[in-house]
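Topology and contacts: notes
Each chain, written out:
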Amino acid sequence: MINNPSETFLMFVFFAFLSMKMLAAHNNTTIPVNIGVILNLDVGFDKVWLTCINLSLTDFYAVHGGQYKTRLVLTTRNSKQDVVGAAAAGLDLIKNVEVKAILGPPTSMQADFVIDMGVKARVPIISFSASSPSLSSLRNPYFFQATQNDATQVKAISSIVKAFGWREAVPVYVDNEFGAGIVPFLIDALQAVDARVPYRSAIFPTATDNEIAEELYKLMAMQTRVFIVHMSTTLGSRLFLIADKIGMMNPGYVWIITDGLADFLSLMNSSVIDSMQGVLGVRPYVPKTKEVMSFKTQFKRTFVQNNPDIVDADLNVYDVWAYDATRALAMAIEKAGTSNLSFQKLNVSSNSPDLENLGVSRFGPKLFQALSDISFKGLSGNFSFVKGQLKPSPYQIINVNGDGARGIGFWTAENGLIRKLNTLINSTISIYSTSNSSLAPIIWPGEATSIPKGWEIPTKGKRLKIGVPVKSGFTEFLKVTKDPSTNSPIVEGYCIDVFEAAVKLLPYAFPFDYLPYDISDDKTYDGLVYQVYSGCYQQNYDAVVADSTIRLNRSYYVDFTLPYTESGVSMIVPVKDNKNKNAWVFLKPLTRDLWVACLCFFVFIGFVVWVLEHRINEEFRGPPLYQVGTSFWFSFSIMVFAHRERVVSNLARIVIVIWCFVVLILTQSYTASLTSLLTVQKLQPTVTDVNELIKSGAYVGYHEGSFTKGLLKLLGFDESKLLSFSTVEEWDDLFTKGSGNGGIAAAFDEVPYIKLFLAKYCSKYTTVEPTFKTDGFGFVFPKGSPLVSDVSRAILGVTEGETMKKIEEKWFGKAASCPDPSTSFSSNSLGVESFWGLFLITGGVSFLALLVFLVVFIYEQWDVLTSPDFRSLRQRAVALFRNFYNRDLSSHPMLGNQVDDQKVQVNAAVVSEPRQSVYSITSEQDGVFSENDDQNLNDQQSPQEAASDIEFAVQNHETPKISSK
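Everything numeric here is computed off the predicted structure, so don't read it as measured data.

1. Describing the overall build of the chain
Scanning the chain for helices and strands turns up 31 helices and 31 strands. A separation threshold of at least 6 residues defines the contact pool for the chain, and within that pool the share at least 24 residues apart is 71%.

2. Some words on the side chain of Gln110
Inspection of the secondary structure puts Gln110 in helix α4 (residues 108-121). A distance of 3.2 Å separates polar atoms of two side chains, one belonging to Gln110 and the other to Ser79. Residues contacting Gln110, with those up to four places away along its chain left out, are Asn40, Ser79, Gln81, Asp82, Val83, Ala86 and Pro105.

3. Some remarks on the UniProt feature "transmembrane region" (unreviewed entry) in the chain
The UniProt feature table records "transmembrane region" (unreviewed entry) at residues 594-612, 648-667 and 835-859. Taken end to end, residues 594-612 has its terminal C-alpha atoms 27 Å apart, with 100% of it in helix and 0% in strand. The span residues 835-859 shows a helical share of 96% and a strand share of 0%, and its end C-alpha atoms are spaced 37 Å apart.

4. Describing the side chain of Ser380
By the element assignment, Ser380 lies in the loop between β13 (375-378) and β14 (381-386). At 2.7 Å, the side chain of Ser380 and the side chain of Asp324 are in polar contact. Apart from residues lying up to four places away in sequence, Ser380 is in contact with Val286, Val320, Trp321 and Asp324.

5. Description of the pattern of salt bridges
Pairs can form between side chains of opposite charge once their charged atoms are near each other. Across all of its chains, the model carries 18 salt bridges by this definition. The partner of Arg167 in a salt bridge is Asp194, with the nearest N and O atoms 3.4 Å apart. Here Arg167, found in the loop between α5 (150-163) and β6 (170-174), pairs with Asp194, found in the loop between α7 (183-192) and β7 (201-203); they are 27 residues apart in sequence, far enough to count as distant. The exposure class assigned to Arg167 is partly exposed, which follows from its relative accessible area of 34%.

6. Concerning the packing of helix α2 (residues 44-64) against helix α13 (residues 317-336)
Orientation of α2 relative to α13, taken along the N-to-C sense of each, is 40°, at an axis distance of 8 Å. For the element pair α2 / α13, the angle class is oblique. Every pair of crossing elements has a handedness; the one defined by α2 and α13 is right-handed. Here Val48, Trp49, Cys52, Ile53, Leu55, Ser56, Leu57, Asp59, Phe60 and Tyr61 of α2 lie close against α13, whose contacting residues are Tyr318, Asp319, Ala322, Tyr323, Thr326, Arg327, Ala330 and Met331. When grouped by side-chain class, the residues that make up the contact of α2 with α13 number 13 nonpolar, 2 polar and 3 charged.

7. Digging into the sheet that holds strand β9 (residues 254-257)
Across the sheet, 8 strands lie side by side as β7-β6-β8-β9-β10-β16-β17-β18; this open sheet has mixed pairing. Each of the sheet's edge strands pairs with one partner strand only, and the pair in question is β7 and β18 (416-418). The mean inter-strand angle of the sheet, taken between neighbouring strand axes irrespective of direction, is 25°. Relative to strand β8 (residues 226-230), β6 runs parallel, the two being bridged by 4 bridges. Bridging from a neighbouring strand, Val170 pairs with Phe227 of β8. With respect to the sheet, helix α9 (residues 233-245) is in contact with β6, β7, β8 and β9, its orientation differing from that of β9 by roughly 170°.

8. Regarding the pairing of β13
Burial of the side chains of β13 is restricted to one face: Phe376 and Gly378 are buried, whereas none of Ser375 and Lys377 on the reverse face is. The pairing of β13 with β14 spans 4 bridges and is classified as antiparallel. Of the residues in β14, the one forming a bridge with Phe376 is Phe383. In this antiparallel pair of consecutive strands, β13 and β14, the connection spans 2 residues.

Calculation notes
- Residues numbered from 1 in each chain as written.
- Predicted model: local features only at pLDDT ≥ 70, side-chain atom pairs only at ≥ 80, totals over all residues.
- Heavy atoms only, no water.
- Helix = DSSP H or I, 4+ residues; strand = E, 2+ residues; numbered from the N terminus.
- Contact = heavy atoms within 4.5 Å.
- Polar contact = N/O pair within 3.5 Å; in protein donor to acceptor, adjacent residues only side chain to side chain.
- UniProt positions renumbered as here; feature names shortened; annotations may be inferred.
- Salt bridge = Lys/Arg side-chain N within 4 Å of Asp/Glu carboxyl O.
- Buried < 20%, exposed > 50% of the residue type's maximum accessible area, 1.4 Å probe, protein only.
- Axes fitted to C-alpha atoms, helices over the stretch in contact; angles between N-to-C directions.
- Parallel < 35°, antiparallel > 145°, perpendicular 65-115°, else oblique.
- Left-handed = near helix turned anticlockwise from the far one by under 90°.
- Nonpolar A, V, L, I, M, F, W, Y, C, P; charged D, E, K, R; others polar.
- Pairing = 2+ DSSP bridges.

Right, dumping it as structure tokens:
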């Protein structure tokens, strides 16, 4: 027993110190977790990646060592640059070492098989350099692609293609999993910006220099000059050295490299860089932050110590992703915990293959979930997985110039092409740009500063094969004959001259040969046009020069140049000497519809005037037949302005003023049209309306092999009534026979053929409206051909100058002296469509006048409608109609009439024996005065006094009386 207090205190301190040491020892206990690493350790790239992985773990545990219990223990295997070697390394790591995850393999081909083993064993595979889209984690849930998927960079490449207006591009790629995996996505991206892929150049990884040169010569023989290169640095370096040697790095060529080459430019020797001058490239962008620069310094120091034989090693984006992927794995393992780190062995026989003896990691599902949820800010920026894919980052666009690459802009999924990334920081508006103005100036191959057009006619390649149809008729447009001495085709005609004149305006050589095509079998140009379609079994022609019409159904397969002829389909008919000896010629100036409309409006205006006038105007009163006759006479007499009836209603006056204006225009138009019929035009078309032909069942003609037959059937013509012609002479012969004698009454054809026909038969035929819209003749090229825009521009140069006029005079001769088909005949009769506005105004004003009259009348007769003397609605209606039919004595015109009538009656009374009778004049409802003989003669007034009293009484709405004094 210790009684000394000092000894007791010392013992307490000793045991406390011992407890702290034991606790610290317990806390320092770590749990190792086996992690596999598969790299090509024979290559300098992979040694750099291994250094980055080790530095990542060192840095991570230096900061988090006191907090994390787990420690990653790396087991490295060499794949020896071989797919089988990578598969053997993966099998060894999973089966024997029982790793919980694998970093690598470095290439997409090696990763493909290792991923399958990882899925089977539930071991996550994390690759920071295998970028093929075919390794998608959607198919392989235990694969994490800690690098940018190649499907992302193709959008940046397609934006560059669109920015410079290139219409075609050829992928040049290594023929393995890495190269072929990007091609479908690249083609889709190019098609989205309307760029074609006419050819795919696949080069084997083991190809010799001669094989590479042979493939490049094949590319030189093509029109396309835009090439997209996706391959490893070893093969890519050889490709560009050979391309430079054979002249494919001269002005006019465009080379775009993917990040498979762009990220490793710093590792290429100077001779390769010299051969790549002017090349464009895209690569993922990693901002140069303080952390990145600090890591770069640390990396160089460590790498030189471990690899003194390798100098000038530099970092690229894959090195940074290796560093961040290792850190992500360390964080995920700690988060997943340390339980169930073992493998579950499968019950298989000992003689089974090694792949069937793989165990299943119990730790795999938890680690998979932890990796899916991981998110942090690493050296490359925000690091996280979205469905097993690394979140996309901006791409930097580079231009190889001088000793290396210089940045000329960036591409982001949100904004497209931009000059600087920092311009987006303060911007709230997201605008996707595909303009080349968003990029810095570019030095192109051959030190050219002008933008290459992306294609050219190859001087060392084949000549263009131009298809021309062999036909019998309308040879002025195109005629194919054979040279008897050489048996070579001789091609001439209007179309040929226009094409060759356009070719002369092109700024480059355009070698071509005419190849005849017999259209006697199908009688149409559709078969010839289809021979140009690059999607058919065998593309026989590079273009077609003919009188081929631009049609919608053809445009699905080929592209047309701008039309070089007038467009439209017109109807052509014979003309006749029309001297207008018909007794009913006076009816022709107006159509039947307009005659009926005029008659209806004359009757309607007469009715309106009667309604507005008959209650207040004695000239519109009387027996019913008299009122009807007066109304119609008044309306129709306005046509010659011979109406005598006086109009007293203001509403009627408004209607009459407008109707007089309409009648004036109608009569003047009728007079002008009739004068034209009788004096001006003597030659008239025999038919002026398509509907007349359809109703009469007349025969009509069409150009054999032309689309006009289908147009006529759509218009409603019976196919049995359609006759074809193939020459101008057949055309005229059918017209001469006539519709009832095996001929035709009219023909339909395109304007260029009609001009040719009228050049020979100008005085016998003419065109008649309507003209159906078409797009004219155009030259045919394959879909997406870059020649289309240049030839179209050259055609404009031909048609806008004197050249086209000379060509037309050469082949169409006196067509210039004939009337232009565009000034064709139409019906001479005036129709309702020319005057419907006037009728609308007249009808509207008339209905408005009737409405005002009706409202006023009902207001004045409201006492009748509400009177208790009428017990039924019928009685009220009868009373209202009687009041409507009778005079309106309270109106101002009627009051004036009463004064005049009463004066007349008084004067009559004075003249006829005033002593024998006495007049008592009373104003009654019907306006009739009665004679009263019972008055006292002694009370009689003098006539002068009676007349004065009557006038005064009427003016004051009183009942006038005459009495004797």
